[in-house]
Amino acid sequence: MEDQLAELVAAARAARKHAYAPYSQYAVGAAVLTKTGKIYAGCNIENAAYPSGLCAERVAVFKAVSEGERELTALAVVTANLGSPCGACRQVFSEFAADDAVIVLAMARGNRRQQFTMREILPARFTARHLRE
Ligand code: THU
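Parameters and conventions
- Residues numbered from 1 in each chain as written.
- Predicted model: local features only at pLDDT ≥ 70, side-chain atom pairs only at ≥ 80, totals over all residues.
- Heavy atoms only, no water.
- Helix = DSSP H or I, 4+ residues; strand = E, 2+ residues; numbered from the N terminus.
- Rg over C-alpha atoms; globule rule 2.2 N^0.38 Å.
- Buried < 20%, exposed > 50% of the residue type's maximum accessible area, 1.4 Å probe, protein only.
- Contact = heavy atoms within 4.5 Å.
- Areas by Shrake-Rupley, 256 points an atom, 1.4 Å probe, with all protein chains shown as cover.
- Near = heavy atom within 4 Å.
- Polar contact = N/O pair within 3.5 Å; in protein donor to acceptor, adjacent residues only side chain to side chain.
- Core = buried A, V, L, I, M, F, W, Y, C linked by side-chain atoms within 4.5 Å.
- Pairing = 2+ DSSP bridges.
- Right-handed = clockwise from strand over helix to strand, strands pointing away.

Peer 1: Help me out: how do you make sense of the overall build of the protein in this one?
Peer 2: Each helix and strand in the protein was counted, giving five helices and five strands. Taken from N to C terminus, the helices and strands of the protein fall in the order α-β-β-α-β-α-β-β-α-α. The C-alpha atoms of the protein give a radius of gyration of 14 Å, which matches the 14 Å a tight globule of 133 residues would have. In terms of its C-alpha atoms, the protein occupies a principal-axis envelope of roughly 45 × 35 × 25 Å. Across the 133 residues of the protein, 44% fall into the buried class. The contacts in the protein between residues at least 6 apart in sequence include a share of 61% that link residues at least 24 apart. Summed over all atoms, the accessible surface of the protein reaches about 7,400 Å², with 53% contributed by carbon and sulfur.

Peer 1: Looking at this structure, how should I read the site of the ligand?
Peer 2: All residues adjacent to the ligand are S24, Y26, V28, N44, E46, C55, A56, E57, S84, P85 and C86. The separation between an oxygen atom of the ligand and a polar side-chain atom of N44 is 2.9 Å. Between the ligand and the protein, one listed contact pairs a nitrogen atom with a side-chain N or O atom of E57 at 2.7 Å.

Peer 1: Is there a simple way to think about the nonpolar core in this case?
Peer 2: By size, the foremost hydrophobic cluster in this structure holds 23 residues, and its most contacted members are V32, V61, L72, L75, F93, I103 and M118. Within the residue set of this core, elements represented by two or more residues are strand 1 (29-34), helix 2 (56-66), strand 3 (72-79), helix 3 (87-94), strand 4 (97-107) and helix 4 (118-121). For this core, the element with the most residues is strand 4, which contributes five residues. Once residues lying within four places of it in the same chain are set aside, the contact partners of F93 are V32, V61, L72, A74, L75, A101, V102, I103 and M118.

Peer 1: Would you take a moment to explain the pairing of strand 4 for this structure?
Peer 2: Summarising burial for strand 4: eight of the eleven residues are buried, a large majority. As paired elements, strand 3 and strand 4 share seven bridges and run parallel to each other. By the bridge assignment, V78 is partnered in strand 4 with A106. Considered for its hand, the β-α-β crossover made up of strand 3, helix 3 and strand 4 is right-handed. Summarising the sheet, strand 4 and strand 5 (residues 113-117) pair through five bridges and their orientation is antiparallel. Opposite V102, over in strand 5, you have T117 as the bridge partner. If you look at the hairpin formed by strand 4 and strand 5, you'll find five residues sitting between the two strands, and G110 has a positive phi there, around 105 degrees.

As structure tokens, then:
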């Protein structure tokens, strides 16, 4: 798992280089690991019409799901300063993640890291179960 997480962080770091963030100047790279062992990466993509942009985490999740993956076991996010996924991205990742899925935050430069489980980062989350029961 540690090796896979290191690889996931490296993929997020590489994706961050493609961040399109001319308005905020805040570059984010993200990568998700699938249960099948594949990695999908994304970056934030801003737009002159501000709300039309998308966070790096959702780009990565949507890439994975659009390739047929529905079980995500880890998410890595790389920013300049250990920026943490926004609420919308937590909820979107949650849709495809178990309680013990791992979220790793890493720095673009420097090796400080923070690690959470899905349960920790989005407690009492709303899931499909609520719609069924
Ligand atoms: N951003 C992300 O990509 N992920 C987050 O979880 C937080 C924010 C992006 C959106 C925007 O392009 C920039 O960072 C500043 O908010």
